[in-house]
Amino acid sequence: GFKGEEKLSGGMSAFWQCESDVRFLGGSSQANGNLCDRNSALGLKGGFGSVFIGSWDSPLKRVSAMTRITNETGWAGTQLMTLSNGGAFAGSFSTRNTNTVNYDTPNFGGFSASLQYTTLQTARNNTVTATISNGLAVTPKGRQISFSGQYVAGPMAIVAGYQNKDKDQASGGGTAATYTVGNEDTAWLIGGTYQ
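Note that the structure is a prediction, hence the values are computed from the model and not measured. (Residues numbered from 1 in each chain as written. Predicted model: local features only at pLDDT ≥ 70, side-chain atom pairs only at ≥ 80, totals over all residues. Heavy atoms only, no water.)

Undergrad: In this structure, what is going on with the overall build of the chain? I would like to understand it.
TA: On a plain count of helices and strands, the chain comes out with 2 helices and 11 strands. Of the regular secondary structure in the chain, the N- to C-terminal order runs β-β-β-β-α-α-β-β-β-β-β-β-β. Taking all contacts inside the chain whose residues are at least 6 apart in sequence as the whole, residues at least 24 apart take part in 51%. Just so you have it, the chain exposes about 11100 Å², and 59% of that area is on carbon and sulfur atoms. (Helix = DSSP H or I, 4+ residues; strand = E, 2+ residues; numbered from the N terminus. Contact = heavy atoms within 4.5 Å. Areas by Shrake-Rupley, 256 points an atom, 1.4 Å probe, with all protein chains shown as cover.)

Undergrad: Looking at this model, I keep getting lost on the sheet that holds strand β9 (residues 144–153). Mind explaining?
TA: Spatially, the 9 strands line up as an open sheet ordered β1-β2-β3-β4-β5-β6-β9-β10-β11, and their pairing is antiparallel. Of all the strands in the sheet, just β1 (2–7) and β11 (184–194) have a single pairing partner and so form its edges. Averaged over neighbouring strand pairs, the angle between their axes works out to 15° when direction is ignored. Against the sheet, helix α1 (residues 59–66) engages β4 (49–57), β5 (96–104), β6 (111–118), β9, β10 (156–166) and β11, with an angle of about 30° to β9. (Pairing = 2+ DSSP bridges. Axes fitted to C-alpha atoms, helices over the stretch in contact; angles between N-to-C directions.)

Undergrad: Sorry if this is basic, but what is going on with the layout of surface pockets here?
TA: Any empty space left between the atoms is revealed when a probe the size of a water molecule rolls over them. Taken as a whole, the second largest pocket encloses approximately 190 Å³ of empty space. Lining the second largest pocket, in full, are Lys 3, Gly 4, Glu 5, Phe 15, Trp 16, Gln 17, Lys 45, Ser 50, Phe 52, Trp 56, Arg 62 and Asp 104. Looking at the lining of the second largest pocket, the elements that each hand over two or more residues are β1, β2 (13–18) and β4. Along the lines of polarity and charge, the residues of the lining of the second largest pocket split into 4 nonpolar, 3 polar and 5 charged. (1 Å grid on protein atoms, 1.4 Å probe; cavity = no way out; pocket = protein on both sides within 12 Å on 5 of 7 lines; lining within 4 Å. Points joined across faces, edges and corners; volume = space filled by probe spheres on them. Nonpolar A, V, L, I, M, F, W, Y, C, P; charged D, E, K, R; others polar.)

Undergrad: What is the right way to read the nonpolar core from this model?
TA: Across soluble globular proteins, you tend to see nonpolar side chains buried next to one another. Core analysis: the biggest nonpolar cluster contains 6 residues, these being Leu 60, Val 63, Phe 93, Val 159, Ala 187 and Leu 189. Contributions of two or more residues to this core are made by α1 and β11. With sequence-adjacent residues up to four places away left out, Ala 187 is seen in contact with Leu 60, Phe 93, Gly 161, Tyr 162 and Gln 163. (Core = buried A, V, L, I, M, F, W, Y, C linked by side-chain atoms within 4.5 Å. Buried < 20%, exposed > 50% of the residue type's maximum accessible area, 1.4 Å probe, protein only.)

Below, the structure is given as structure tokens:
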């Protein structure tokens, strides 16, 4: 990865980050990934916190990592067991979302919060208008909103997170795709640690 920061007036800074999986060197594809396909963004930060756009881990994913007992990923990973759903229903809540607008608050005596909103998720949804079985046309929204709050002081951490996903996802491919319209998937998380 690469990142940089430029000091501005008024105590603000502009920052950027481009983080890539080394597999992108094998060429752009679903399996290999792309340049800047991991946590990558452009934003401003200062006394107000930070505001940035790009591809970034959801707030729900970030707070779950703060209280994990085992590794984040892998067969024993807490996120795999609690947020990835194992294919039980469409999508995962342990996500790094593309096309996001993000806000992280400053730290207020141990308290902080994060908010993320996505624009259209072209990587996860068929964005063309398709005809469903009743003859109506629908364009999947595919948007997500996630927020989290945490209190970290000394040996104690308490976290909470929420994520909502517009379901509106294709259950088939190409012209045979059908959609579930108006349904949403949501996840809540609360956790804590004391050392």
